[in-house]
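Reading the structure
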Amino acid sequence: MKFTLSWLKDHLDTTASVDEITYALTDLGLEVEGVENPAEKLKTFTLAKVTHAEQHPDADRLRVCTVLTDEGEKQIVCGAPNAREGITVVLAKPGDYVPGIDVTLSVGNIRGVESHGMMASERELELSEEHDGIIELPSGEVGERFIDWLAQNDPSKVDPVIEIAITPNRPDALGVQGIARDLAARGLGTLRPREVDPVAATIDAGMAVTIDDDTLDGCPLFCGRVIRGVKNGPSPQWLQDVLRAIGLRPINFLVDVTNFFTYDRNRPLHVFDLAKVTGDLRVHRAAGGETLEALDGKTYTFQPGQMVISDANGPESIAGVMGGEATGCTEDTTDVFVESAYWDPVQIAYTGRALKINSDARYRFERGVDPAFTPEGLEHAVRMIVDNAGGEASEVLIAGAVPDTTRAYKLDPARVISLVGMEIPEAEQRKTLTALGFELDGDQAYVPSWRPDVMGEADLVEEVARIASLTKLKGQPLPRADAGVPKPILSAMQRRERAARRTAAALGYNECVTYSFIDKDAAALFGGGDDATMLANPISSEMSHMRPALLPGLLQAAARNQARGYMDLALFELGHVFHGSEPGEQHLMLSGLLVGRTGAKDVHGGSRAVDVFDAKADAEAVLSAMGAPAKAQIRRGADAWWHPGRHGVICLGPKKVLGVFGELHPKVLKAMDVKGPAMAFTLWPEEIPMPRKTGATRPALVLNDLQAVERDFAFVVDADVAALDLMNAAAGADKALIEDVRVFDEFIGGSLGEGKKSLAITVRLQPTDTTLKDADIDAVAKKIVDKVQKATGGTLRG
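Quick look at the structure, then. (Residues numbered from 1 in each chain as written. Predicted model: local features only at pLDDT ≥ 70, side-chain atom pairs only at ≥ 80, totals over all residues. Heavy atoms only, no water.)

1. Some details on the environment of H380
- Along the polypeptide, H380 turns up in helix 10 (residues 374–389).
- For the pair H380 and R194, spaced 186 residues apart in sequence, the C-alpha to C-alpha distance is 9.4 Å.
- Ignoring anything within four residues of it in the chain, the contact list for H380 reads R194, E195, V196, F261, R265 and F373. (Helix = DSSP H or I, 4+ residues; strand = E, 2+ residues; numbered from the N terminus. Contact = heavy atoms within 4.5 Å.)

2. A word on the pairing of strand 37 (residues 642–651)
- Taking burial as the measure, the 10 residues of strand 37 include 7 buried ones, the bulk of the element.
- As paired elements, strand 36 (residues 633–635) and strand 37 share 3 bridges and run antiparallel to each other. Paired with I634 across the bridge in strand 37 is I650.
- If you look at the hairpin formed by strand 37 and strand 38 (residues 657–664), you'll find 5 residues sitting between the two strands. (Buried < 20%, exposed > 50% of the residue type's maximum accessible area, 1.4 Å probe, protein only. Pairing = 2+ DSSP bridges.)

3. Quick word on the pattern of salt bridges
- In the structure shown here, the tally under the stated rule is 44 salt bridges.
- A salt bridge links D172 to R451, with the nearest nitrogen and oxygen atoms 3.7 Å apart. With D172 in the loop between strand 13 (161–164) and helix 5 (176–186) and R451 in the loop between strand 30 (444–446) and helix 13 (457–468), the pair connects residues that are 279 residues apart, well separated along the chain. Note on accessibility: D172 and R451 belong to one class, buried.
- Between R501 and E511 there is a salt bridge, with its nearest N and O atoms 2.8 Å apart. Pair noted here: R501 is in helix 14 (residues 492–506) and E511 is in strand 31 (residues 510–511), with a separation of 10 residues, a long-range link. (Salt bridge = Lys/Arg side-chain N within 4 Å of Asp/Glu carboxyl O.)

4. Some thoughts on the sheet that holds strand 36
- The sheet built from 7 strands is open, its strands ordered 31-34-35-39-38-37-36 with mixed pairing. Each end of this open sheet is capped by a strand with a single partner; those strands are strand 31 and strand 36.
- Against the sheet, helix 14 touches strand 31, strand 34 (569–578) and strand 35 (586–595), its axis set at about 160° to strand 34. (Axes fitted to C-alpha atoms, helices over the stretch in contact; angles between N-to-C directions.)

5. Some words on empty space enclosed by the protein
- One pass over the structure, following the stated rule, counts 1 cavity of 30 Å³ or more.
- By volume, the largest cavity is sized at about 30 Å³.
- In terms of lining, the largest cavity is formed by R711, F713, V763, L765, I777, V780, A781 and I784.
- Tallying contributions element by element places helix 20 (residues 774–792) first for the lining of the largest cavity, with 4 residues. (1 Å grid on protein atoms, 1.4 Å probe; cavity = no way out; pocket = protein on both sides within 12 Å on 5 of 7 lines; lining within 4 Å. Points joined across faces, edges and corners; volume = space filled by probe spheres on them.)

6. So, the nonpolar core
- If you look at the biggest cluster of nonpolar residues, it comprises 72 residues, and the most contacted ones within it are L25, I164 and L183.
- Ranked by the residues each element gives to this core, the list is headed by helix 10, at 7 residues.
- Listed in part, the 37 residues of the second largest apolar core include L221, L274, V277 and I348. (Core = buried A, V, L, I, M, F, W, Y, C linked by side-chain atoms within 4.5 Å.)

7. What about the side chain of Q306?
- Within the secondary structure, Q306 sits in the loop between strand 21 (299–301) and strand 22 (307–311).
- With relative accessibility at 6%, the residue Q306 sits in the buried group.
- Among the polar contacts made by the side chain of Q306, one reaches the main-chain amide nitrogen of Q303 at a distance of 3.0 Å.
- Apart from the residues within four sequence positions on either side, Q306 is in contact with H284, R285, A286, T351, A354 and L355. (Polar contact = N/O pair within 3.5 Å; in protein donor to acceptor, adjacent residues only side chain to side chain.)

8. Considerations on helix 2 (residues 18–27)
- When helix 2 is considered as a whole, its buried residues turn out to be V18, I21, T22, A24, L25 and D27.
- Contacts made by the buried residues of helix 2 are with strand 1 (2–4), helix 1 (5–11), strand 3 (32–36), strand 13, helix 5 and helix 13.
- Among the residues trailing helix 2, G29 stands out with phi positive, at a value near 100°.

9. Quick word on unusual backbone geometry
- A cis geometry characterises the amide bond from G676 onward to P677, with omega recorded as 0°.
- Of note, P677 is situated in the loop between helix 18 (666–671) and strand 39 (678–683).
- Phi angles above zero are rare outside glycine, and D102 is one such case at about 55°.
- Topologically, D102 is positioned in the loop between strand 8 (97–98) and strand 9 (103–104).
- In the Ramachandran plot, S469 falls in the positive-phi region, its phi being about 85° despite a non-glycine side chain.
- Look at S469 and you get buried, because its relative accessible area is 3%.

10. Describing the packing of aromatic side chains
- For the structure on display, the rule yields 10 aromatic pairs.
- Ring centres of F146 and W149 lie 6.4 Å apart, and the angle between their planes is 15°; on these two criteria the pair is classed as stacked. Taken as a pair, F146 and W149 lie in helix 4 (residues 146–153) at a separation of 3 residues, close to a single helical turn. Neither F146 nor W149 differs from the other in exposure class; each is buried.
- Ring pairs connect the aromatic residues W7, W238, F260 and F261, which therefore count as one cluster.
- A cation over an aromatic ring shows up here: R181 above the ring of W450, its NZ or CZ 4.1 Å from the ring centre. (Phe/Tyr/Trp six-rings, centres within 6.5 Å; stacked < 30°, edge-to-face > 60°. Lys NZ or Arg CZ within 6 Å of the ring centre and 35° of its normal.)

11. As for the layout of surface pockets
- Quantified by volume, the largest pocket comes out at close to 1600 Å³.
- Elements that contribute at least two residues to the lining of the largest pocket include exactly helix 17 (612–625), strand 36, strand 37, strand 38, helix 19 (723–731), strand 41 (738–748) and strand 42 (756–765).
- The residue inventory of the lining of the largest pocket, partitioned by class, reads 23 nonpolar, 7 polar and 13 charged.
- Taken as a whole, the second largest pocket holds about 990 Å³ of empty space.
- Lining the second largest pocket are 42 residues, and of these T4, S6, S156, D159 and D241 lie nearest its centre.
- Going through the elements one at a time, helix 1, helix 3 (39–42), helix 4, helix 6 (237–245), helix 7 (253–264) and helix 10 are the ones with two or more residues in the lining of the second largest pocket.
- For the lining of the second largest pocket, the element with the most residues is helix 6, which contributes 6 residues.
- Taken together, the residues of the lining of the second largest pocket sort by class into 19 nonpolar, 7 polar and 16 charged. (Nonpolar A, V, L, I, M, F, W, Y, C, P; charged D, E, K, R; others polar.)

12. Let's talk about a negative patch on the surface
- On the surface, D412, D441, D443 and E457 cluster together into a negatively charged patch.
- When you line up the elements, D412 lands in the loop between strand 28 (408–410) and helix 11 (413–420).
- Overall, the relative accessible area of 31% leaves D412 in the partly exposed class. (Patch = residues over 30% accessible without salt bridge, like charges linked within 9 Å, V, L, I, M, F, W, Y side chains within 5 Å. Areas by Shrake-Rupley, 256 points an atom, 1.4 Å probe, with all protein chains shown as cover. Lys, Arg positive; Asp, Glu negative; His and termini not counted. Charge placed at Lys NZ, Arg CZ, Asp CG, Glu CD.)

13. Thoughts on the packing of helix 2 against helix 5
- Between helix 2 and helix 5, whose axes approach to 10 Å, the crossing angle comes to 95°. On the basis of their axis angle, the class for helix 2 and helix 5 is roughly perpendicular. Contact residues: I21, A24, L25 and D27 in helix 2; I179, L183 and R186 in helix 5.
- Across the contact of helix 2 with helix 5, the residue classes break down as 5 nonpolar, no polar and 2 charged. (Parallel < 35°, antiparallel > 145°, perpendicular 65-115°, else oblique.)

Written out as structure tokens, the structure reads:
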């Protein structure tokens, strides 16, 4: 939305500067996008007078002028045909920048004669395209600033143009009057009343206007007046100036009037050339297939249900969007029908989008204009036309009625203060709403017809706060519910999540935040992709299902990084995954992914490919940070996306699973386009038992002063026996004494025979009451052998 400062002052009696106005507009919610101030580029130029002019000694078309300036007499060489003694000119001195020729002046030498500046033409100052001669001013004093002279004699040349951004909820600000109303409410001036004296009807219209019954919901009001004997032609200079200033091209007076009121009062209008209209005008819905050549020169085909204005010959205008070329006004137009109507915003938006037309009328109607101003806006336009172009007007033709937009909401001054957080006196609140056009009856505020965005009590609060300025709002600390040290804010699970994130980051992982939606194929790889997790209205086909696991998102991130040359990756994510559509069918999960090598290659050979034990160590570290018990079982039997022989399930029992670690299945990596192998772990923070004691006190440190004993055992077992099963069996032989069991050797082949292997373990015994004797150690050793033999069928290796 563009407007000039002088145009604004037609509606607002103010002495505020441009800077004050632009600051207030942005603070009011009408963000200023730019200010074009023509005076800025003209501020260095001054007035001067030519006291003598003579022919250049070495050029027929040049004259050497003596010019009286504020710095004394200067010699200037000029080639303008009107350069002569006695004229007042606009002077550009050495050092001044001349915008029209993009040159910074300096003292020049033209055909052997020095020239100390130049006398400018209108095109050189970008005032117009006139360049047949230099500017001759009818008045002015030597040394006077040119912009000061223009402000007094031709203010449109230095009128600042302000452009603001209009949000969809403020259609009233699409007119200069609406902007002025906001500024007046802020206190930057007084809103000027713009009443109209309706033109008396002196002729009969000779036509009628109608609205079909099925169209009244889209056009509740259609009115107009016939004017005969109009003399159309170029608009007055002031009207041409304001239209050019905001980027519109003056066409002719009748068309320019409609453009003026579109921006001045947010009231789009249309003028039909009555000589080209046959019969009455009818507002109706298109049957479909009708065509119309519009004012933009394009031919449009109507779809069924779109609103049109037709005469006896067919469609003549796209209702609320654009008029037709056939009934458009030209300089030969003498009889016109001036139309002012109210159109339903939604239906105008549908029509404009379907026909792909962007016009000022559509832009305003689809956001909402003032329905109550429809007849009055017509009278304003008719008065301007008759006063400037002559003619006689008919009675007002009306079809339909003004829509009733009456509504009121309660103004609660205390509620305003509590919501805004500012002490705004009740009197000021009422004054603000009154200045904005609200009518107050007790505690009820009646909304003006030009504010379709005000739909509740909260909107009244917003209006009061907006005018009072939220920049005055001061931060206030929230009061404490209880005195003293506040209680912890984070829950136990939130603290657990924070510890997990910090630990994973400390281990070298980068945190990812991926979408909760993935494609069906990826979801199916990880046990999902069914109808229970399918979205009803997905963003795209690649986001059709809720994720059943975090690994699909991490693998997609890894694939994107590998495609860009980043092969060594450590990623993790903590978030919810879903196994149904009900509120409780989700759970918290933490997953980590390792791809590539542990580090960059070096001469010492410290870099190696990541393996299962890297994932295991990281999973155990994160579990420990979240408070998981130190002793946990590891078994097989994870889901199908894990490598069948290279994974482990961390659990506290058969049904208490804390997590899984291992290598991902090669088929999964191929489907996700990830170059493997890839190691990963998945943990369930909610499965970790909460500590029985919630205090911060740590238990006493237990140190054993008795000597620990280690014994080695080598067992011959079947080749398919897992080392973990053997370790668990040995550890269960005497849980009170056995502190740790470790595998330190594996041997296959040799004298063991086919299908056999040897596993060597170290068992650490830690007494707590008395030093172990040989008999005690032998007794425990026998229990270990018996337990392993029973659990695995293994025998001691001889």
